[in-house]
Amino acid sequence: MEIFSTAFLVALVAGALRQTTPLLFTALGGMFNERSGVVNIALEGIINFGALAAAVTVQLVEAPYLAHDPNARIWWIPWLGVLAAIVVGVLVAWIHAVVSIRYRADQIVSGTAVNMLSFGLPSILLLFLYGNTSDSKDVVHRILPMDAYLPFLRDFFSTPLGRILDQSPLVYLAFLLVPLTYYLLFKTPWGLRLRSVGENPEAADSLGINVFWMRYQGVLLSGVLAGLAGAYLSISELNHFTRLMAAGRGFIALAALIFGQWHPLGILGATLLFGFAEAFRILIEGTGILPSPLIQAFPFVLTMLVLAGFIGRARPPAAIGKPYEK
Amino acid sequence: MRLVPRGEAPALFVAAVSLLAVLLAFAASLVLLALYGASPWEAIAVVYRGVLADPRGFAEVLRRAVPLTLAGAGLALAFRAQFWNIGAEGQLLVGAVAASGVALFGPGEGVAKLVLMAAVAFVAGGLWAMVPAYLKARLAVNDVITTLMFNYVAIYLVEWLIHGPWKGKSVFGFAYTDRFPASAWLPLWPGTGLAWPGLVLAVAAAALLAWLLGATKLGFEVRVVGENPEAARYAGVRALSTLLQVALLSGGVAGLAGFVEVAGTHHRLLAPLQISLGYGYTAIIVAWLGRNRPLATLLTGLLIGFVFAAGDVAKVALATPFQLVQVVNGLILFFLIAAEVPIRYRVVWRPERG
């Protein structure tokens, strides 16, 4: 494919929107827990668990229908997978929340424990269900791109602009969450309370705000969103779960959170940057201009450079990482 | 019932509670095995016969414990200085790369060559940790994220080398380097797979770091910085220089672990997951379990080494996946975190008065 042709640009922009989506979900989720004062490096693990839950749920639920009729297509099955990813994401986040809020454990260590479990546990379940330790069975019921839901726009979706916009509904949801979370965080009393427990929990407490409960909500919301990121990866972008599916996205999302200054609009910009970088990497990799491992390292190097070049302006919530003692 | 914070818990109590947590994690793992369809009793018997009662099996525990203790002792030092080094995995890998470079293309014969390999591995691992440390001290860049990013960069560096410029001429389709010349192999304990110089290195590193932390100016500065950064500034501790030295040592010993893996076990540079098996990440548990005391990582490294060796034996005898090791390690970490509660709080059964 020639660079700077229309086809390349369409592929780049469409790919960038797809690559931005899981980062955006996860970074917006991380925004809630960090704004409430809790560090959550378990996001990487939550994406893995969410992706696993979505793919396994869809596969197990669709199997009897497909056995009955191989052409069966049931609209609610993929959404059940999404729901499963959210539920599992919340459960895993809840573990991190209990450990770091209630028991005031070290949040980095707790997050590491979650991540380590997410590297190992899926293999055991996969072996039990599918007889191998790395992949789930392919699913038929995916969250498809928009043209599957809006057949009357099929002509539009074959134009260049249409091909960019022909994305999974989850992509649209991720971008819609930017104004939504902005409103929630900055325009509602709930958002003010969440931010206050992350900035000055003592003062918030003295005003009668339940610091623990606000922090639980922050962490559980991050579980919802990182779980969605996982579902997007396993049953929308792809059609199965594969081990280590998050592939560092949880960590890059944390960097985007800092680069985006814990603000939805900043996070949108930062994740778009990393999304474009990743889409560019994928396109370049196909051309064989550079050895592929070097290109694969690119997003991680870029993340470092961005953080290092972004001097002194990032100011995290004041009470971040510090357990609150009443 | 309510929890009341207590002062410093007695050391024996801490050790007992930690041990109980580890045993509970093992019990939980056995329950998991039972759910999976394997007999827990058989698992215990298999592990006892294959690991504890068999000298060769026990040598495997030591072989696994060496990189875990090396990396873990370094992390203990780093965590003491509030340097959140989650990058031991990457530091281990670049140590392996540097040692392999010397082994394949470098000068030297015999012991001198091995010493040179160890030295460059130490420096490479140290430098790999010093970049994030510098960024943290100078630009306040989050060290958790930078050290994590550097892990991925190290992984792809190894991938690139073994697929590209360092791909062996005699290995046909495989992605790894040629075998090291015999002079770059660490000697083995007879009849086992254990490279005994690695064991010496691990013990020496743990002891040296403990001495450094307890009895030198750097150690004092680390403890002050770790416990009270404000006071450290008033006392004139140069945070940058302290942090860089800590990073050099912490990353350096992880680099040594990489040297031991390639020179002692593999005798070539190969895929990142084959070199390390997640030792760098697992070393976080080793340090945490040792309460960030370098000497204690000798014991905790041995314990986690046992988990790895047991996972190997179970894989062969019970056909369990090797990833079971990560699950057991994750469970150990969780039970240890839970153990913090009785260590830090007393349970009082009477209601609060007034």
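So, how was this worked out
- Residues numbered from 1 in each chain as written.
- Chains lettered and ligands numbered in written order.
- Predicted model: local features only at pLDDT ≥ 70, side-chain atom pairs only at ≥ 80, totals over all residues.
- Heavy atoms only, no water.
- Helix = DSSP H or I, 4+ residues; strand = E, 2+ residues; numbered from the N terminus.
- Expected span 1.5 Å × (residues − 1).
- Bend = angle between axes of the 7 residues up to and from the residue.
- Buried < 20%, exposed > 50% of the residue type's maximum accessible area, 1.4 Å probe, protein only.
- Polar contact = N/O pair within 3.5 Å; in protein donor to acceptor, adjacent residues only side chain to side chain.
- Contact = heavy atoms within 4.5 Å.
- Axes fitted to C-alpha atoms, helices over the stretch in contact; angles between N-to-C directions.
- Parallel < 35°, antiparallel > 145°, perpendicular 65-115°, else oblique.
- Left-handed = near helix turned anticlockwise from the far one by under 90°.
- Lys, Arg positive; Asp, Glu negative; His and termini not counted.
- Salt bridge = Lys/Arg side-chain N within 4 Å of Asp/Glu carboxyl O.
- Core = buried A, V, L, I, M, F, W, Y, C linked by side-chain atoms within 4.5 Å.
- Buried area = accessible area lost by both parts, 1.4 Å probe.
- Nonpolar A, V, L, I, M, F, W, Y, C, P; charged D, E, K, R; others polar.

Q: Can you walk me through helix H1 (residues 6-35) of chain A in this structure?
A: Owing to its 3.6 residues per turn, the α-helix brings residues three or four apart onto one side. All names here are of chain A. Its 30 residues place the ends of H1 41 Å apart at the C-alpha level, agreeing with the 44 Å of an ideal helix rising 1.5 Å per residue. Thr-21 marks where H1 bends most, by close to 30°; the proline Pro-22 follows one to four residues later. In terms of burial, H1 is largely enclosed, as 24 of its 30 residues are buried. Gly-37 occupies a position one or two residues after H1 and carries a positive phi of about 105°.

Q: What is the right way to look at the side chain of Ser-123 of chain A in this model?
A: Secondary-structure assignment places Ser-123 of chain A in helix H4 (residues 107-130). In this structure the side chain of Ser-123 of chain A is engaged in a polar contact, spanning 3.0 Å, whose partner is the backbone oxygen of Thr-133 of chain A. Residue contacts for Ser-123 of chain A: discarding those within four places in its chain leaves Asn-132, Thr-133 and Arg-243 of chain A together with Gln-323 of chain B.

Q: How do you make sense of the packing of helix H2 (residues 43-68) of chain A against helix H10 (residues 249-259) of chain A when you look at a structure like this?
A: In a pair of packed helices, the angle between the axes and the distance between the axes together describe the arrangement. Residues and elements named next belong to chain A. H10 packs onto H2 with a crossing angle of 135° between their chain directions and a minimal axis gap of 7 Å. As summarised for this structure, H2 and H10 are arranged oblique, according to the angle between their axes. The handedness of the crossing between H2 and H10 comes out as right-handed. Contact residues: H2 offers Leu-43, Glu-44 and Ile-47, while H10 offers Arg-249, Gly-250, Phe-251 and Leu-254.

Q: Got a minute to help me understand the side chain of Arg-215 of chain A in this structure?
A: All names here are of chain A. Positionally, Arg-215 belongs in helix H9 (residues 211-237). Despite being buried, Arg-215 has no salt bridge partner; Glu-202 is the closest side chain of opposite charge, sitting 7.6 Å away. The residues touching Arg-215, leaving out its near neighbours within four places in the chain, are Ser-36, Gly-37, Val-38, Ile-101, Val-197, Pro-201, Ala-319, Lys-322, Pro-323 and Tyr-324.

Q: I would appreciate a short explanation of unusual backbone geometry in the present structure.
A: Where the residue is not glycine, phi is negative for most of them; where a peptide bond is considered, it is trans in most cases. Residue and element names in this part refer to chain A. A positive phi is found at Gln-261, a non-glycine position, where the angle reads about 55°. One non-glycine residue, Trp-262, lies in positive phi territory at about 55°. Along the chain, the position of Trp-262 falls in the loop between H10 and helix H11 (264-287). For Trp-262, a relative accessible area of 4% translates into the label buried.

Q: Please explain the nonpolar core as it appears in this structure.
A: It is characteristic of soluble globular proteins that their nonpolar side chains tend to be buried jointly. Residue and element names in this part refer to chain B. Of all hydrophobic cores here, the largest spans 208 residues; its most connected members are Met-117, Phe-259, Leu-269, Ile-275 and Ile-332. Discounting residues that sit within four places of it in the chain, Ile-275 has contacts with Leu-92, Leu-93, Ala-96, Val-158, Glu-261, Val-262, His-266, Leu-269 and Leu-270. Of all hydrophobic cores here, the second largest spans 6 residues; its members include Val-47, Val-51, Phe-306 and Ala-310.

Q: How should I be thinking about the environment of Leu-161 of chain B in this particular structure?
A: Residue and element names in this part refer to chain B. Within the element layout of this structure, Leu-161 appears in helix H6 (residues 143-163). Each C-alpha atom, one on Leu-161 and one on Val-97, is 8.7 Å from the other, the two residues being 64 residues apart in sequence. With residues up to four places along the chain from it excluded, the contact list for Leu-161 reads Val-97, Trp-166, Lys-167 and Leu-269.

Q: How should I be thinking about the interface of chain B and chain A in this particular structure?
A: Interface size is commonly expressed as the accessible surface area that is lost when the partners come together. Counting residues at the interface gives 39 residues for chain B and 45 residues for chain A. When the buried area of chain B at its contact with chain A is split by residue, Met-149, Tyr-156 and Phe-334 of chain B rank highest and sum to 16% of it. Where chain B meets chain A, there are 0 salt bridges. Linking chain B with chain A are 1 residue pair in polar contact (both at pLDDT 80 or more). Every element with two or more residues in the side of chain B that touches chain A is listed here: helix H1 (11-36), helix H5 (110-139), H6, helix H12 (279-289) and helix H14 (324-344) of chain B. A class-by-class count of the residues in the side of chain B that touches chain A yields 30 nonpolar, 7 polar and 2 charged.

All quantities given are derived from atomic positions and should not be read as evidence of function.
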